[in-house]
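# Descriptive structure summary
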Amino acid sequence: MEVHHHPEVEKKGIKEYLLEGLMIFPAVTMGFIAENVRENRTNREKEKEYIISLVNNLQEDTTLLRYAISDNQHKITGLDSLLSLSYKNLSEPATRKLLYKYSTNYISFYSAFFSSDATLLQLKNSGGLQYIKRGHVADSIAKYDQVIRGIYAAEKPYSKAIDDAMDALSELIVFNVQGDTAYYKNGSYTNKTLPLLDANPQKIKLFFNKISYERGWTQNYINNLEERRPFAFRLIELLKKEYNL
C-alpha cells in the first residue's frame, strides 16, 4: 500500500505574525484615508455646485424684486390719481371717464415677488445642507429663507386688499361698457357719459375707502420688498467671497 506523506508546513513565529500584521495595517489605513479624501473632494465639489446655483438664483431674485418694487410704485401713482377723484363731482362726464380709466388700469393690477428658489428648496428638502460645511454660510442661507417667507406673508394682505377693492368696484361701474361702441370706440372712451351702478354718495365713499385701503397695503408690500432686497445682495457677496466665485 502506497503511503502519502503530508508536506510539512512551516510554522511561523509570533514575530512573523506581528510583522505581517504591521504590513497589512498601513495598507488598510492608507485605503481608508484615500477613500475619505475622495469623499471629501466629492462633497466639496457638490458644495460649490450648490453655491454657484444658489448665487444664480439670488441674482434672479434681485431682478425680480426690482421689477415688483417698480411695478407697485407705478400702481401707487395710479391709485393716487384715482383717489384724487374722491374730491370731485362724479356726475361730470370727464370725471366719470377718469374714474373708469384709473379703476380698470390700477385696481386689479397685481405684481407679486416669487423667489427663484429651486436651489434653496433642494438644500432644504433633499439633504443638500449637509454639504454646506461652513456654519456661518448655512446660517446666512437659513436667514434668507426666513426673509423670503416674510415677503410671502406681506403679499397676503396686499392680495386681499386688491380683491376687496375689486368687489367694491364691481358694485360701482359697468365692466362690459368697453364692448359697447356707444361708450368705447377705437381704443378710447367716447363722450357719452359712462354709467354708474350706484350713485349713492355713501356707496361712493365706501368705494374710495377700499381704494385707500388697497393703496396702504400696496405701500406696505413695497416697504417689505425694499427692506428685504439687501439681504439677497449681502448673501451673494458672502458666497462669492467664501467660495472665490
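Scroll up to find the structure this text is about.
Presented here is an overview of the structure given in this document. (Residues numbered from 1 in each chain as written. Predicted model: local features only at pLDDT ≥ 70, side-chain atom pairs only at ≥ 80, totals over all residues. Heavy atoms only, no water.)

## Considerations on the overall build of the chain
Assigned secondary structure in the chain consists of 5 helices and 2 strands. Starting at the N terminus and walking to the C terminus, you meet the elements of the chain as α-α-α-α-β-β-α. Taking all 245 residues of the chain together, 33% fall into the buried category. Summarising the internal contacts of the chain: among those between residues at least 6 apart in sequence, 82% fall at separations of at least 24. Carbon and sulfur atoms form 54% of the exposed surface of the chain, whose accessible area is close to 15,400 Å². (Helix = DSSP H or I, 4+ residues; strand = E, 2+ residues; numbered from the N terminus. Buried < 20%, exposed > 50% of the residue type's maximum accessible area, 1.4 Å probe, protein only. Contact = heavy atoms within 4.5 Å. Areas by Shrake-Rupley, 256 points an atom, 1.4 Å probe, with all protein chains shown as cover.)

## Details of the layout of surface pockets
By volume, the largest pocket is sized at about 160 Å³. For the lining of the largest pocket, the element with the most residues is helix α5 (residues 201-242), which contributes 3 residues. Broken down by class, the residue content of the lining of the largest pocket amounts to 6 nonpolar, 3 polar and 3 charged. (1 Å grid on protein atoms, 1.4 Å probe; cavity = no way out; pocket = protein on both sides within 12 Å on 5 of 7 lines; lining within 4 Å. Points joined across faces, edges and corners; volume = space filled by probe spheres on them. Nonpolar A, V, L, I, M, F, W, Y, C, P; charged D, E, K, R; others polar.)

## A few points about the nonpolar core
Core analysis: the largest hydrophobic core is formed by 31 residues, its most contacted members being Phe113, Tyr221, Leu225 and Leu239. For this core, the secondary structure elements donating two or more residues are α1 (14-83), α3 (118-125), α4 (135-170) and α5. With 9 residues, the top contributor of residues to this core is α1. Excluding residues that lie within four positions of it along the chain, Tyr221 makes contacts with Asn72, Ser111, Ala112, Phe113, Ile151, Ala154, Glu155 and Tyr158. Counting residues in hydrophobic clusters, the runner-up holds 24 residues, among them Leu85, Tyr102, Ile173 and Phe207. (Core = buried A, V, L, I, M, F, W, Y, C linked by side-chain atoms within 4.5 Å.)

## A few points about the pattern of salt bridges
Counted according to the given criterion, the structure contains 7 salt bridges. Of the charged contacts, one joins Asp164 and Lys160 as a salt bridge, the two residues approaching to 2.9 Å between their closest N and O atoms. Within this pair, Asp164 and its partner Lys160 are both found in helix α4, separated by 4 residues, close to a single helical turn. Lys160 gets classed as partly exposed once you look at its relative accessible area, which sits at 47%. (Salt bridge = Lys/Arg side-chain N within 4 Å of Asp/Glu carboxyl O.)

## Quick look at the environment of Asn72
On the secondary structure map, Asn72 appears in helix α1. Taking the C-alpha atoms as reference, Asn72 lies 6.8 Å from Ile222; in sequence the two are 150 residues apart. Here the side chain of Asn72 touches Ala68 through a polar contact of 2.8 Å, landing on its backbone oxygen. (Polar contact = N/O pair within 3.5 Å; in protein donor to acceptor, adjacent residues only side chain to side chain.)

## What to know about unusual backbone geometry
Positive phi values are uncommon outside glycine, yet Asn186 reaches one of about 55°. As for its position among the elements, Asn186 is in the loop between β1 (184-185) and β2 (188-189). Backbone geometry at Asn244 places phi at a positive 55°, although glycine is not the residue there. In this structure, Asn244 sits in the segment after α5. Under the relative-accessibility criterion, Asn244 is labelled exposed at 67%.

## Focus on empty space enclosed by the protein
On inspection of all chains with the given rule, the structure shows 1 cavity of 30 Å³ or more. As a volume, the largest cavity reaches approximately 40 Å³. The wall of the largest cavity is formed by Leu54, Asn57, Leu58, Asp61, Ser115, Ser116, Asp117, Leu120 and Tyr144. With 4 residues, α1 is the largest single contributor of residues to the lining of the largest cavity. Its residues placed into classes, the lining of the largest cavity shows 4 nonpolar, 3 polar and 2 charged.

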